[in-house]
Protein chains: 2
Amino acid sequence: MGLTKTEIFTEKQNKLATMLKAIAHPARIAIIQHLIKAQACICGDLVEELGLAQATISQHLKELKNAGLIQGTIEGTSVCYCIDPKVWKQYKTALEGFFAMEISNNCC
Amino acid sequence: MGLTKTEIFTEKQNKLATMLKAIAHPARIAIIQHLIKAQACICGDLVEELGLAQATISQHLKELKNAGLIQGTIEGTSVCYCIDPKVWKQYKTALEGFFAMEISNNCC
DNA sequence: AAAATACATCGTAATATTGCGATATAAATG
DNA sequence: CATTTATATCGCAATATTACGATGTATTTT
């Protein structure tokens, strides 16, 4: 046990859950917000900005990269990260779709 | 370690992460979707609908309840669950706010 | 080429999540 | 009041996540 039973859910449900998981951590939210605010893509600054160890930040960046949300470009000794606007929009659309469902007030 | 360092993030970031975490699981997404579709609030049907054990469903319901997303009303021997429209809207607004940020295309 | 700089990855410890069988609890029914 | 029905909770096992020190790697600088 301890393993999510993805087989029993729809592809859409699994995908949405994976997307949400990618951003369901304060550090990753902070990273995303900083990447957006800083516009020009930063990298090692994140270690200073947030108070986490370099290894930890690197790990979070990797997860965001796996999710497709960010891109990293090597620039000399450093790596420049930035949001992928296309994937960002996909996320936005997917979540809008989920929350578009109307909730009826006549509850139990 | 293994403990998220909530102290170093803003209240907003932590709250958003918690909200996302609550729905970042296919089973909970499926539960929410079924509760919305079934409109009239169902309960034990979820055990049949999804292929998870009763104890597992109950645990997911508890998490959704903790998140404030659903309400449970005792109705005889069973419990009727439904989405809380107010909290649902709060979620929607919070996520819209997050994804409202404009992404610049001039990346690295 | 050696040293410095900036990241990534490895290994590990601590904690959290997922899932379920077994059992408890509470209301309805006979 | 015993039984059934429906759900919650406990306890456990398996796996995942979070965090970080130590170390590896690649590029620049000296």
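Residues numbered from 1 in each chain as written. Chains lettered and ligands numbered in written order. Predicted model: local features only at pLDDT ≥ 70, side-chain atom pairs only at ≥ 80, totals over all residues. Heavy atoms only, no water.

Visitor: Tell me about the relation of the copies chain B and chain A, residues and numbers included.
Guide: The two copies are related by a screw motion: chain B maps onto chain A through a turn of 180° and a shift of 0.0 Å along the axis, at an RMSD of 0.0 Å. Seen this way, the second copy is the image of the first under a two-fold rotation axis. In this assembly the copies share their binding face: 98% of the residues contributing to the interface of chain B also contribute to that of chain A. (Least-squares fit on C-alpha atoms with pLDDT ≥ 70 in both. Contact = heavy atoms within 4.5 Å.)

Visitor: Would you mind going over the nonpolar core in detail, with residue names and values included?
Guide: Core analysis: the largest hydrophobic core is formed by 64 residues, its most contacted members being A:Ile32, A:Leu69, A:Trp88, B:Ile32, B:Leu69 and B:Trp88. Other than its neighbours up to four places away in sequence, A:Leu69 contacts A:Ile23, A:Ile32, A:Leu64, A:Cys82, A:Ile83, A:Asp84, A:Val87, A:Trp88 and A:Tyr91. (Core = buried A, V, L, I, M, F, W, Y, C linked by side-chain atoms within 4.5 Å. Buried < 20%, exposed > 50% of the residue type's maximum accessible area, 1.4 Å probe, protein only.)

Visitor: Break down the environment of A:Trp88 for me, with residues and values.
Guide: Turning to its location among the elements, A:Trp88 is positioned in helix α5 (residues 85-99). It is 14 Å that separates the C-alpha atoms of A:Trp88 and A:Lys37, two residues lying 51 residues apart in sequence. In this structure A:Trp88 touches A:Ile32, A:Ile36, A:Leu69, A:Ile83, B:Phe98, B:Phe99, B:Met101 and B:Ile103, once residues within four positions along its chain are discounted. (Helix = DSSP H or I, 4+ residues; strand = E, 2+ residues; numbered from the N terminus.)

Visitor: Just give me the short version of the interface of chain B and chain A, but keep the residues and values in it.
Guide: Of the residues lining the interface, 48 residues belong to chain B; the matching set on chain A comes to 47 residues. The junction of chain B with chain A conceals about 4200 Å² of combined surface from both sides, 78% of it contributed by carbon and sulfur atoms. Listing elements by their share of the side of chain B that touches chain A, those giving two or more residues are α1 (11-23), α2 (26-38), β1 (70-75), β2 (78-83) and α5 (85-99) of chain B. (Buried area = accessible area lost by both parts, 1.4 Å probe.)

Visitor: An account of the pattern of salt bridges is requested, with residue identities and associated values reported.
Guide: Residues and elements named next belong to chain A. In the structure shown here, the tally under the stated rule is 2 salt bridges over all chains. The shortest N-O distance in the salt bridge between Arg-28 and Glu-63 comes to 3.3 Å. One end of the pair, Arg-28, is in helix α2 (residues 26-38); the other, Glu-63, is in helix α4 (residues 54-66), with 35 residues separating them in the sequence. Classification of Arg-28 by relative accessible area gives buried; the value is 7%. (Salt bridge = Lys/Arg side-chain N within 4 Å of Asp/Glu carboxyl O.)

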